[in-house]
Amino acid sequence: MTEDQGKSVNQVVADLGRDIGDYIRTQRATAQISLRQLAKLAGVSNPYLSQIERGLRKPSAEILQQIAKGLRISAEALYVQAGILQERPGGPVIDAVLADPDLNERQKQVLLDVYESFRRENAATTPPADSPTEE
């Protein structure tokens, strides 16, 4: 690896740290939780959480899970932001169906099939946003 390649890899890691920090800060602000409150909820120190938010530290998956719990958001969302997981197509409805322990696999698949058919039907009947409408 050349020195330039090493710098770009280091830059990518630094950018991921900043991205996850910005995301956590935004989620915290949206939830109207102070840095101190989130640190306590997540079981991490106030300075450590501050360093994560400023992009100076890249948290482990375990710490991200604790932060997600404190923010009451999906740990998967934080993992995607941190570059640990790739974003899956689907969204919250599909995630909820797949995560439901009270449904068997056949029931989950039937629900997802119905959901996708509704989405396809709506997509077919909704005009594109930039198309002119008749008056």
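Residues numbered from 1 in each chain as written. Predicted model: local features only at pLDDT ≥ 70, side-chain atom pairs only at ≥ 80, totals over all residues. Heavy atoms only, no water.

Colleague: Could you clarify how one ought to interpret the overall build of the protein in this entry?
Modeller: Assigned secondary structure in the protein consists of seven helices and zero strands. Secondary structure elements in the protein, listed N-terminal to C-terminal, are α-α-α-α-α-α-α. Long-range pairs, those at least 24 residues apart, make up 43% of the contacts in the protein between residues at least 6 apart in sequence. As presented, the protein carries roughly 9,800 Å² of accessible surface, and 52% of it is formed by carbon and sulfur atoms. (Helix = DSSP H or I, 4+ residues; strand = E, 2+ residues; numbered from the N terminus. Contact = heavy atoms within 4.5 Å. Areas by Shrake-Rupley, 256 points an atom, 1.4 Å probe, with all protein chains shown as cover.)

Colleague: Explanation requested: the packing of helix H2 (residues 35-42) against helix H4 (residues 61-71) in the structure shown.
Modeller: A pair of packed helices is captured by two measures, namely the crossing angle of their axes and the spacing between those axes. Closest axis-to-axis distance for the H2/H4 pair is 8 Å, and the angle between their directions is 120°. Here H2 lies oblique to H4, going by the angle between them. For the crossing formed where H2 meets H4, the hand is right-handed. Touching Leu38, Leu41 and Ala42 of H2 are Gln66, Ile67, Gly70 and Leu71, all from H4. (Axes fitted to C-alpha atoms, helices over the stretch in contact; angles between N-to-C directions. Parallel < 35°, antiparallel > 145°, perpendicular 65-115°, else oblique. Left-handed = near helix turned anticlockwise from the far one by under 90°.)

Colleague: Teacher, can you tell me more about the packing of H2 against helix H3 (residues 46-53) here?
Modeller: Between H2 and H3, whose axes approach to 9 Å, the crossing angle comes to 110°. As the angle between them shows, H2 and H3 are arranged roughly perpendicular. Judged by residue contacts, Leu35, Arg36, Leu38 and Ala39 of H2 engage Asn46, Leu49, Ser50 and Glu53 from H3. Tallied by class, the residues present in the contact of H2 with H3 amount to four nonpolar, two polar and two charged. (Nonpolar A, V, L, I, M, F, W, Y, C, P; charged D, E, K, R; others polar.)

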